[in-house]
Amino acid sequence: MTYAITQTCCNDATCVAVCPVNCIHPTPEERAFGSTEMLHIDPRACIDCGACSDACPVDAIFPVDALSAGQREYADINAAYYEGGEPAPETEGPNFHVWGEPVFERSLPSDFGPLRVAVVGTGPAGMYAAQDLLLHTAAEVTLIDRLPVAGGLVRYGVAPDHPATKKVGETFSRFHSHPRVRMHLGIEVGRNVSAQELSAHHDAVIYAVGASTDRRLGVSGEETPGCLSATGFVAWYNAHPEAVAQGVDLSAERVVVVGNGNVALDVARILVADPEALAGTDIAAHALDALRASRVREVVVLGRRGPGDAAYTRSELLALKHVPGVEVVVDDHDPRTAAAIDAVGTRDRAAVLRGLARVGTDAAPPVGGERRIVLRFHSEAVEVLGGDSGVRSVRVTDGGGEGPVELRAGLLLRAIGYRGLPVPGLPFDEASGTVPHEGGRVAGLPGSYVVGWIKRGPSGGIGANRTCAAETVGTLLADAVAGTLPAPTGDAKAFRRLARQRNRRVVDARGLAAIDRAERDRGRREGRPRVKLATVEELVATARSGRLLRLPR
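Residues numbered from 1 in each chain as written. Predicted model: local features only at pLDDT ≥ 70, side-chain atom pairs only at ≥ 80, totals over all residues. Heavy atoms only, no water.

S.K.: Residues and numbers for the side chain of K455, please.
M.R.: Turning to its location among the elements, K455 is positioned in helix α15 (residues 453–456). For K455, a relative accessible area of 5% corresponds to the buried category. Among the polar contacts listed, one links the side chain of K455 to the backbone oxygen of C468, at a separation of 3.1 Å. (Helix = DSSP H or I, 4+ residues; strand = E, 2+ residues; numbered from the N terminus. Buried < 20%, exposed > 50% of the residue type's maximum accessible area, 1.4 Å probe, protein only. Polar contact = N/O pair within 3.5 Å; in protein donor to acceptor, adjacent residues only side chain to side chain.)

So, in structure tokens, the structure goes:
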């Protein structure tokens, strides 16, 4: 029996490190690692030890014999990766692994004093950086987040029907109460404290602030009510405090989603999923109520290029085909779409579309029937039509040779990419939406570093931040050894006083633990993993009370 890596693979390569026979590829040392959608296990070399499964932070690795019906395709996907001939395992030596010379790139000399490092942002990028520092050095880490709760993208970006992916948060949470960690949640750089004040109290500062806004379509009517960003919609159904009040009108039968990356598939799937299936997840209570009353029956996903150029991953597309009660179809308005699907090889992403029904998308959504998702390629939105009462329809290009066609819809979600925002006190590249850097070192600002999407742009999933953080931490430690870090003028106690002077409602590790207990307690009452507190006021009050919320029966 062999093991296989499945849909929820996060690419952080923890499994690669523990495999005794080097049968998981691509590894971080291989060129393909930076662009791979997922990692793969070689069935010819796997010795069924299960070490990779035990180490996986997102429960993505299973014995092939234990795969569910919806996961069995992953056994073939893993095997197909090696048809091109990946390196065979070494069979000489006691452990069969091709080990190189040990390297300690992210460590400090034994006589080097502990560094005091602030990490701004508690999402995956920030926490991988903190983890690296805590495991490889004696550094003292200050965790800072502008929200009064930790988690970042794991808490507010991962779809609620992907609970295995959220488990990586458990790996990070064990560092929240680490004896060398101090936590200040609810502190925003540029509002409560300046970048200069932060640097004055730490040897180094790592900014892991992500890419928190979205890219615009730039078409007429984009400001019409009911034309929203997928970023905001994701935040809304994940109970982000800044998105609760916006509300989403789901009274129309059709929604148009512009973009064809994983976020576009996420929002399409949530819109038509069975609300009772979502009731067993940590989806926001207000979103669950709205979805139960929703009239949405069809989501049209627009991609301006062909199926071979779609940005979503093969694993997410495969998962879309197995959503109960939802039909996934391909719009055949453009003859290039069918030709591309029929011509691709079995290893190509577009091969997943074979066997799906090919239909035409009429001006009006279909009446009755099952809920469905329509993948429409070679098509883009050129105008949003409507008024003060909301979106009425969307004009989209028709690659079949005719002019733009009008699709009746009551909601448009743009999912065409994320974009970083400037951090006050740091340089910023407007073109890329990132902070200029050299190996993570902020250009022209000694002692300041970046990691994650604010460093490299909105590319790569959760696991990509592990190698990104390793580079940044390595650069920081090299600077420390070289003596180029500016000396801080304030200590940890002084910063704690400063933080509490600027925001009396700062949440620490004990407060975060109280929030976690309260949400899990609410979840147990409703048969869910947790029910998230959805406003800043609820989060702060729960953190300060230090006890479980007692809800009325």
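S.K.: So what's going on with unusual backbone geometry? Which residues, and what values?
M.R.: Here the amide bond leading from H25 into P26 is cis, since omega sits at -5 degrees, within 30 degrees of zero. Turning to its location among the elements, P26 is positioned in the loop between β2 (24–25) and β3 (40–41). Phi angles above zero are rare outside glycine, and D59 is one such case at about 50 degrees. Along the chain, D59 falls in the loop between α2 (51–55) and β4 (61–63). With a phi angle near 65 degrees, A239 is a residue other than glycine that sits in the positive phi range. Inspection of the secondary structure assignment puts A239 in the loop between α9 (230–237) and β11 (254–258).

S.K.: Any details on the pattern of salt bridges? Residues and values, ideally.
M.R.: It is possible for side chains of opposite charge to pair when their charged atoms get near one another. According to the stated counting rule, one finds 35 salt bridges in the structure shown. Residue E197 is joined to R502 by a salt bridge in which the shortest nitrogen-to-oxygen separation is 2.8 Å. Placement of E197 in helix α8 (residues 195–200) and of R502 in helix α17 (residues 492–502) is noted, with a sequence separation of 305 residues between them. Salt bridges sharing common partners tie together R155, D516, E519, R520 and R530. (Salt bridge = Lys/Arg side-chain N within 4 Å of Asp/Glu carboxyl O.)

S.K.: Tell me about the packing of α9 against helix α10 (residues 262–272), and please be specific about residues and values.
M.R.: Contact pair α9 / α10: the axes reach a minimum separation of 10 Å and the direction vectors enclose 50 degrees. Compared by their axis directions, α9 and α10 come out oblique. The two elements α9 and α10 meet at a crossing, and its hand is left-handed. In this structure, α9 contributes A230, F233, V234 and Y237 to the contact, and α10 contributes V263, D266, V267, I270 and L271. (Axes fitted to C-alpha atoms, helices over the stretch in contact; angles between N-to-C directions. Parallel < 35°, antiparallel > 145°, perpendicular 65-115°, else oblique. Left-handed = near helix turned anticlockwise from the far one by under 90°. Contact = heavy atoms within 4.5 Å.)

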